[in-house]
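# Chains, contacts and geometry: an overview
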Amino acid sequence: MAIESIILYGFAGLTLLSALYIAFTRNVLYAAIALIVTFLGVAGIFMMLGASFVAISQVLVYVGGILVLIVFGIMLTNRLKGQKVESPVYNKFLGLAVAVGLFIIFFKGILQANFSALGWIQSAEPTNPPLEKFGMRLMTDYVLAFELIGVLLLLALIGAVKMASFKRKEGADAR
Amino acid sequence: MPVEHLLFLGAALFCIGLLVVLTRKNAIAVLIGIELMLNASNINLVAFSHFDPDMLQGQIFALFVITVAAAEAAVGLAIVVKVYQYFQTADLDQLNQLKG
C-alpha cells in the first residue's frame, strides 16, 4: 500500500471520527470545535486528491470564516452564565434509523453502480494537475459562473450585515 | 484508493450531517449539520474530478459549493441572531409565530 493511500485513509478516518463526535456530543461549542477537525480532514483529502486550490479555499473559507461565524453565533444566542452550551438530542432513534437507512441505500447504490468499471475512470490515470490548469479553466471556460458567484457572495454578505445590524437605543444595555 | 471508498466516505458524512439536522433543535447545531452535508457533496465532486485531470469540472463546482456555503452560513447566522433578539431563544420548536 502506497504511503499516499495510508495518509488518505488517515484523513478519512479523522473526518469520520470528528463528524461522529459532532453527532453524539451535546455541547454545541464542542461540536463547533470538532467541526474544525472535520474541515481540516476534508481539506487534507482534497490535497491528497490533487485539488490543492479547493483545499486551500476550504481552509480559508470554512476554518477561517464559517467557523468564526458559528462560534460568534453560539456566543450571541446563548446566555453564557456559567452553564454549558448544551442542546439536548431529540428523536434519537428515529433520526438514527433514517440516517442509517439512507446510508445503507447509498452503500448499495454505490456498490451496484460499480463506478470503477466506468470507461473514463479506468482509462484515466490519476495525476495531480498543475494549479495553473485550474486557473486557466476557471478564467476561460467558467468565467461567467465565477463572476456570478462573486456577485452572489457580495449580495449575501451585504444582506447578512443589513439583517443582523440593529439600532441600539441610548441607555439600552447590551445583554 | 478506489473511487468507491471516497464515495462511501461522502455518503457517511452526508448521513451524519442528516442525523445532526434531524436530532437537534438548536438552530446553530442544525447549521453545523448542513455544513457537514455540503462538505460531503464536495468530497464526491473532488473524488470524481481526480479521474478527470483535463477538464477539472468537479473541482470548479466544488469551489462554487464552498462559496454558496459561505453565503448560506452568513445569512443563516444573521437570521438566527435576529430571531434570538426577538424570541430570546434559538430553539427551533419554540419559533411558532410568523408575525414580527
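Read on for a plain summary of the structure. (Residues numbered from 1 in each chain as written. Chains lettered and ligands numbered in written order. Predicted model: local features only at pLDDT ≥ 70, side-chain atom pairs only at ≥ 80, totals over all residues. Heavy atoms only, no water.)

## Concerning the side chain of Asn39 of chain B
Take Asn39 of chain B: it is sitting in helix α2 (residues 27–49). Classification of Asn39 of chain B as buried rests on a relative accessible area of 0%. A distance of 2.8 Å separates the side chain of Asn39 of chain B from the side chain of Gln58 of chain A, its partner in a polar contact. (Helix = DSSP H or I, 4+ residues; strand = E, 2+ residues; numbered from the N terminus. Buried < 20%, exposed > 50% of the residue type's maximum accessible area, 1.4 Å probe, protein only. Polar contact = N/O pair within 3.5 Å; in protein donor to acceptor, adjacent residues only side chain to side chain.)

## A short note on the interface of chain A and chain B
Chain A puts 86 residues into the contact, and the matching count from chain B is 68 residues. Summing the contributions of chain A and of chain B, the shared interface buries around 7000 Å²; its carbon and sulfur component is 77%. Our count for the contact surface shared by chain A and chain B stands at one salt bridge. For Asp54 of chain B, the salt bridge goes to Lys133 of chain A, with nearest N and O atoms at 3.6 Å. Between the two partners, chain A and chain B, sit 11 residue pairs in polar contact (both at pLDDT 80 or more). (Contact = heavy atoms within 4.5 Å. Buried area = accessible area lost by both parts, 1.4 Å probe. Salt bridge = Lys/Arg side-chain N within 4 Å of Asp/Glu carboxyl O.)

## Looking at helix α7 (residues 143–164) of chain A
Taking 1.5 Å per residue, 22 residues should reach 32 Å; α7 of chain A reaches 32 Å between its end C-alpha atoms and fits that length. All of the buried residues along α7 of chain A are Ile149, Ala156 and Ala160 of chain A. Buried residues of α7 of chain A, viewed axially, fall in a sector of 30 degrees; they line one side. Residues of α7 of chain A that are exposed and point more than 90 degrees away from the buried face comprise Leu144, Leu148, Leu154, Leu155, Ile158, Val161 and Lys162 of chain A. As for α7 of chain A, its buried residues are in contact with α3 (57–87) of chain B. (Expected span 1.5 Å × (residues − 1). Arc of directions from axis to C-beta.)

## Points about the packing of aromatic side chains
Counted under the stated rule, the structure contains seven aromatic pairs over all chains. Ring geometry for Phe39 of chain A versus Tyr62 of chain A: centroids 4.4 Å apart, planes at 45 degrees, classification tilted. Pair noted here: Phe39 of chain A is in helix α2 (residues 28–48) and Tyr62 of chain A is in helix α3 (residues 52–76), with a separation of 23 residues, a long-range link. There is no split in this pair, since Phe39 of chain A and Tyr62 of chain A are both buried. Between Phe115 of chain A and Phe48 of chain B, the aromatic rings sit 5.2 Å apart at their centres with planes inclined by 75 degrees, giving edge-to-face as the arrangement. Placement of the pair is Phe115 of chain A in the loop between α4 (92–113) and α5 (119–123) and Phe48 of chain B in helix α2, with the two residues belonging to separate chains. Overall, the relative accessible area of 21% leaves Phe115 of chain A in the partly exposed class. Chaining the aromatic ring pairs together yields one cluster made of Phe103 and Phe107 of chain A together with Phe8 of chain B. (Phe/Tyr/Trp six-rings, centres within 6.5 Å; stacked < 30°, edge-to-face > 60°.)

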